[in-house]
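What follows is each chain in one-letter form.
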Amino acid sequence: MSQVPQLFVLLPLLAFVISMLVPRRNEKLISGIAIITATIHTAGIVLFILYWLLAGYPILDARHVTLYTSPEFEFFIDFYFDRITAVYTVVGSVITMLVAHFSRYYLHRDHGYKRFFNTLLLFFLGFNLVVFSGNFETLFIGWEILGFCSFLLIAFYRDRYLPVKNALKVISVYRLGDVCLMLAMWMCHHLFHVNITFLQLTDNAFIADHLALYPAYFIFIAIMIVVAAAAKSALLPFSSWLPRAMEGPTTSSAVFYGSLSVHLGAFLLLRTYPFWQDVTGVKIMIIAIGLATSIIASFTAKVQSGVKTQIAYASVTQIGFIFIEIALGFHILALVHFAGNAFLRTYQLLVSPSVLSYEIHDMVFNYKPAEQKRRSAGFQRLQNALFILSIKEWNIDHLMYRYLWMPFKWIGKNLQFLVRRFSIAVLSTVFFIGVFGFFIQDSIPPHIDHPLAHILSVLGLILIIRAFAERNDARSAWLFVLAGQLFVTLSIATNAQVPLHVIVIYLSGIFVAGSIGFACLQYMAKQNSGMDLNTFHGYSYEKPTLSFVFLISCLAVIGFPFTPTFLGIDLLFTHIRSEQILLIVSTTLSFIFIELAILRLFARVFLGPSKVNDHPIAYRSS
């Protein structure tokens, strides 16, 4: 029985591969693959759950493929099945099946028809990886896939300005959550000294022993998990990304931001509850975040002019309550609440275009002015203040941009001197000193090689931030990212006895993909007399094949799960010790801005309004 869950992960993977091979014009076959896959998945999981219930609903944990093993670390794929998995996978399968049926007609003759269904199947694969995951590493694979699918579906109408812009905003918040999850995994390695599984987390004695020895580690891991969950589920202070994600098709909004993806933060809390259930401060933190989100989101939902935005904030309001239920230990109630909220929001989003037309018709032909109610002056002022704050969405988006991203952009813009010959010579000298130090590491005293590791890591971060702020040349931004990754890798290599094959694993994907990506940018620059990043170029319309190749190169450079770089990231993090605060902070920031710089580069070059005027262009979204 424990080997069955892997079939529910392999099914969408097989369907995705087959769907990629189907010609774009064959709509019936493309949608048919997605519908049949979701239908078989739904029927199969229902039958399996019935059999599982008759067998006494045991907790299933099955270890599958071991990707890497060493005396200190082991990376393996593990699948887990319990009542949480059962509820999430049934809800996910049914909603995906309904959305696939609906999209078959809703997106008929749309230029991105195949792109949508391919992304839907990829999302379904990522969702199943998350809900069936038996350890953090398996969960993180699905987590990354879901984030990338979000980017693609928000920017689905890629010839418009706002969808692409909002896709970059959403992926920036998602990346914060991703890195927080990476930090939780990193500290777990130092806390348990093994690749911990979720089954081991249910061992109260095992957890209590470690909690008594390392309480600070526990609090750090729990906070990182809460932040990752809040970012994924659009809770405060990350709520502003959810309405911007509604720029994609209504069907993608239904399956992602109304029902499934937005509830995965709650899933993460449910899955890790045995870890932090005895830490009262973390429970208070979750309750406070959930309550504040529910209050602010409910006010904001009431004043929104767009129906999809209203539904988005209404969904966030309920997710805030779900977080509170999880913190209080009412997990059965939280699962029922999740299922009800997911089905309701899916239904509301799918019927929203029709309801909107009915409401407009009713407003035109049956309009009645609202009755004026007499209120006290103080109450009226309070109501007006709440109305203005809610209209502005409590300025959360502005505050996030101004105090989180703008400082790094300002720093990057003031690093223009890095392109000068003297700066390049200094950086090259420091890099070769680091390489030399790596090969003679055994003979260097610790008080020398540790500062060198910190210097290399900070220099790598500086180069990556420079790439993030680059506006003049796409090729320069690409090279800055690659150079920054070399410095980050070398900093960790000189910090500890990192085996050479670990460095090769990490850099192998980056080297190949970096070369291909630079060749693509060089070709585009020659074709178009330069490649600045001050605007969106929209070349995916004229160069769809080149756009796809460059996208694959981007994913390989940032360490998407199909490359060895993904495994290398986890391996590198394990060689940073828990007391090395500067090194882990600079390395973490580097991995945040690597993905943002690379995806921004792809969006600026290949997405957005096209410069070529031989076809219709939508400059702005409605």
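As the structure is a computational prediction, the values presented were derived from the model and not from experiment.

A word on helix 17 (residues 396-413). A rise of 1.5 Å per residue sets the reference length of helix 17, with its 18 residues, at 26 Å; its end C-alpha atoms lie 25 Å apart and thus fit the reference within 8%. Looking only at helix 17, the buried set comprises Ile396, Met400, Trp405, Phe408, Lys409 and Gly412.

A word on the nonpolar core. Formed by 213 residues in total, the largest nonpolar core has its most connected members in Tyr88 and Trp241. Of all the elements, helix 6 (residues 161-192) adds the most residues to this core, at 20 residues. Non-local contacts of tryptophan 241, meaning those with residues more than four positions away in its chain, are made with Val170, Val173, Tyr174, Ala231, Lys232, Ala234 and Tyr257.

In this section: the side chain of serine 315. With respect to the helices and strands, the residue serine 315 is situated in helix 14 (residues 307-327). Given a relative accessible area of 1%, serine 315 falls into the buried group. Beyond its immediate chain neighbours, meaning those up to four positions away, serine 315 contacts Tyr257, Gly258, Val262, His263, Asn341 and Arg345.

Turning our eyes to something else, we now look at empty space enclosed by the protein. Applying the stated criterion across every chain, the model contains five cavities of 30 Å³ or more. Counted as a void, the largest cavity has a volume near 130 Å³. Forming the walls of the largest cavity are 13 residues, and the residues nearest its centre are Phe140, Met182, Met185, Ile569 and Asp570. Of all the elements in the fold, those that place two or more residues in the lining of the largest cavity are helix 5 (136-154), helix 6 and helix 23 (564-573). The residue makeup of the lining of the largest cavity, split by class, is eight nonpolar, one polar and four charged. Approximately 80 Å³ is the volume found for the second largest cavity. Lining the second largest cavity are Trp143, Glu144, Gly147, Phe148, Ile171, Asp178, Leu555, Ile558, Phe560, Glu595 and Leu599. Among the elements of the structure, helix 5, helix 6, helix 22 (544-558) and helix 24 (581-606) are those that each provide at least two residues to the lining of the second largest cavity. At four residues, the largest contribution of residues to the lining of the second largest cavity is made by helix 5. Of the residues assigned to the lining of the second largest cavity, the class counts are seven nonpolar, one polar and three charged.

Bringing the pattern of salt bridges into the picture now. One pass over the full model with this rule turns up six salt bridges. With a shortest N-O distance of 2.8 Å, arginine 271 and aspartate 82 are connected by a salt bridge. Residue arginine 271 is found in helix 12 (residues 264-276), and its partner aspartate 82 is found in the loop between strand 2 (74-81) and helix 3 (83-106); the two are separated by 189 residues along the sequence. Notably, a salt bridge pairs glutamate 144 with arginine 175, separated by 3.5 Å at the nearest N-O pair.

To continue, consider the state of the cysteines. Using the criterion set out here, one finds zero disulfides in the structure. Cysteine 149 forms no disulfide, and the closest cysteine sulfur to it belongs to cysteine 554, at a distance of 16 Å. Free of any disulfide, cysteine 188 has its nearest cysteine sulfur in cysteine 180, 13 Å distant.

A few words now on the packing of aromatic side chains. Scanning the model with the defined rule gives 35 aromatic pairs in all. Judged by centre distance (6.0 Å) and plane angle (55°), the ring pair of phenylalanine 8 and phenylalanine 48 falls under tilted. Of this pair, phenylalanine 8 sits in helix 1 (residues 5-21) while phenylalanine 48 is found in helix 2 (residues 27-54), placing the two residues 40 residues apart along the sequence. Take phenylalanine 8 and phenylalanine 48: they sit in the same class, and that class is buried.

Glycine aside, negative phi is the norm for most residues, and most peptide bonds take the trans geometry. Between leucine 236 and proline 237 the backbone carries a cis peptide bond, its omega angle lying at 0°. Mapping proline 237 onto the fold places it in the loop between helix 9 (215-232) and helix 10 (241-244). Even without glycine at this site, tyrosine 57 takes up a positive phi of about 40°. When you line up the elements, tyrosine 57 lands in the loop between helix 2 and strand 1 (60-69). Residue tyrosine 57 is classed as exposed on the basis of its relative accessible area of 54%.

Definitions and cut-offs
- Residues numbered from 1 in each chain as written.
- Predicted model: local features only at pLDDT ≥ 70, side-chain atom pairs only at ≥ 80, totals over all residues.
- Heavy atoms only, no water.
- Helix = DSSP H or I, 4+ residues; strand = E, 2+ residues; numbered from the N terminus.
- Expected span 1.5 Å × (residues − 1).
- Buried < 20%, exposed > 50% of the residue type's maximum accessible area, 1.4 Å probe, protein only.
- Core = buried A, V, L, I, M, F, W, Y, C linked by side-chain atoms within 4.5 Å.
- Contact = heavy atoms within 4.5 Å.
- 1 Å grid on protein atoms, 1.4 Å probe; cavity = no way out; pocket = protein on both sides within 12 Å on 5 of 7 lines; lining within 4 Å.
- Points joined across faces, edges and corners; volume = space filled by probe spheres on them.
- Nonpolar A, V, L, I, M, F, W, Y, C, P; charged D, E, K, R; others polar.
- Salt bridge = Lys/Arg side-chain N within 4 Å of Asp/Glu carboxyl O.
- Disulfide = S-S within 2.5 Å.
- Phe/Tyr/Trp six-rings, centres within 6.5 Å; stacked < 30°, edge-to-face > 60°.

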